[in-house]
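# Inside the fold
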Amino acid sequence: MATDENAPGGQGGNPADNTGGAQPPQGDQGASYTPQQQPQGQYSPQGQYSPQGQQPGQYSPQGQQQPQGQYTPQGSYTPQGQYTPQGQYAPQGQYAPQGQQGQYAPQGGAYPAGAYAATAPKQSDPAKRKKIILLSSIAGGVVLLLIIGIIVVNVINGSKYSPQAVVEKYLTTIASGNLKEANKQVSTGLKKGQAALVSDKVLKDKNTRIQNPKVTKARTEGDSAQVAFSYKLDGTTYDGTLTLSKQGKQAVFFDDWAIDKPLLVDVAVYISMGTEATVNGVNVDFGEEMSLKAYPGVYKIGAPDNKWFSAEEQTLVAATGSKAGYESGELKLKATDALTDEVQNQLNAMLDECAKSTEPELDNDDCRMSRSSVIGMSEIDKIERKIIEYPEVTVNDDGRSFETEEGDLEEIATGKDYSGDPISGPITSYSTWSFYGEITIDGDKVELTFW
């Protein structure tokens, strides 16, 4: 057969011997021929590209690569012009690098020369996985606990340890009448003699204590806070403000707020006699200043707890804020008959003791029985005394002093006249026998001072 130099295979015209267009090897569907130029040809119905003058299925466009991991459906056209038989799957995720175009690893596991096979992932050690999971769980649990702890601390700080909570607890303690505990929560700084009104006994009755205490407003600036509050007392709503300072932390995490000054007011009473009076039934000594510190409350001021005085009871409402009156009381004491009897008895007893003596001059000048001379006598040996009528005592209304009417005292003197002869006879007094003095009361004890 004559050769055709113009045939596509070159000289000789034998396609099998044509070095310009070798056919794919028998039985190897994964190889393809890449012409140096993009041929212009026809697309075969079987999905193979056929350049001019060549049999179908022998060409694939130059430089094209099989898409990575692409599944070739039935009858589809591959970039190399190769047809994937029905149901065959292109190698899983395998990629044929440049220069090895169209090379695929068959499903049987054998890879043509130059083909690239992805390395299979290594299986992790189950023990290590469990350890990692355990450590991750522990770390996550710790973080969760820290978050929960922070939330809990913030909640508790805002409820139990906040300035509002501290003031609420303090006011509630006062309202309950447990003043001993209130004194511990905020020190009063009072000495024993000044703390007579800050005791449980004084505010024992519920109606004398503050009621329904409420925090109305709170403001915190750094380590300082101001808390406004209200309460009811004797049917009226009063207000007030307490200042607090942060002392640091307590129990490691929680704020430690402390009230700067106790909630105390002045209760002042002017007493007509002495410094004592009863306050809500408790005997109290107001001292020389006639004033004591006390918690807000209702205070009924009466006569001291003894039988010497009586007084009309007064009620003082000691409160705070804009509606507080800050009034002082005035207790006018009246001497009772018991005080008059006590003064009379003391006077009579003194006079009886004085009358026992026969000495002309007595050591006790209060008796008013001493004699330094007797008319008609040059010398006095003795004086016999006999009380005929005791001077009658009258105590002033305020109980501070007393006076008496004239009494009757019989005196018989024995001595010598101016000639030296013995003489005896009654003594004529040139002065009235009456007494004046001051009354001092200390509790149940009454003391007399004669003028």
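The text that follows walks through the structure, step by step, so that each part is easy to find. (Residues numbered from 1 in each chain as written. Predicted model: local features only at pLDDT ≥ 70, side-chain atom pairs only at ≥ 80, totals over all residues. Heavy atoms only, no water.)

## Comments concerning the overall build of the protein
Counting secondary structure elements, the protein contains four helices and 22 strands. Classification of the 451 residues of the protein by burial places 35% in the buried group. Nonlocal contacts in the protein, meaning residues at least 24 apart in sequence, comprise 54% of its contacts between residues at least 6 apart. Looking at the protein as shown, the accessible area adds up to about 27,600 Å², and 48% of this sits on carbon and sulfur atoms. (Helix = DSSP H or I, 4+ residues; strand = E, 2+ residues; numbered from the N terminus. Buried < 20%, exposed > 50% of the residue type's maximum accessible area, 1.4 Å probe, protein only. Contact = heavy atoms within 4.5 Å. Areas by Shrake-Rupley, 256 points an atom, 1.4 Å probe, with all protein chains shown as cover.)

## Digging into the packing of aromatic side chains
Going through the model one piece at a time under the given rule, you end up with five aromatic pairs. Between Phe-402 and Phe-450 the ring centres are 5.8 Å apart and the planes differ by 90 degrees, which places this aromatic pair in the edge-to-face class. Placement of the pair is Phe-402 in strand β18 (residues 401-404) and Phe-450 in strand β22 (residues 445-450), with a sequence separation of 48 residues. Relative to Phe-435, the ring of Trp-433 lies with its centre 5.9 Å away and its plane at 65 degrees, an arrangement referred to as edge-to-face. For Trp-433, a relative accessible area of 7% corresponds to the buried category. You can call Phe-435 buried: its relative accessible area is 0%. Members of the aromatic cluster, each reached through a chain of ring pairs, are Phe-402, Trp-433, Phe-435 and Phe-450. (Phe/Tyr/Trp six-rings, centres within 6.5 Å; stacked < 30°, edge-to-face > 60°.)

## As for the pattern of salt bridges
Side chains bearing opposite charge may pair, as long as their charged atoms lie close to each other. On inspection of all chains with the given rule, the structure shows eight salt bridges. When the shortest N-O distance is used, the salt bridge between Lys-382 and Glu-384 registers 3.6 Å. Take Glu-384: its relative accessible area is 41%, and that puts it in the partly exposed class. Notably, a salt bridge pairs Arg-400 with Asp-398, separated by 3.9 Å at the nearest N-O pair. Members of the salt-bridge network, linked through shared partners, are Arg-371, Arg-385 and Glu-411. (Salt bridge = Lys/Arg side-chain N within 4 Å of Asp/Glu carboxyl O.)

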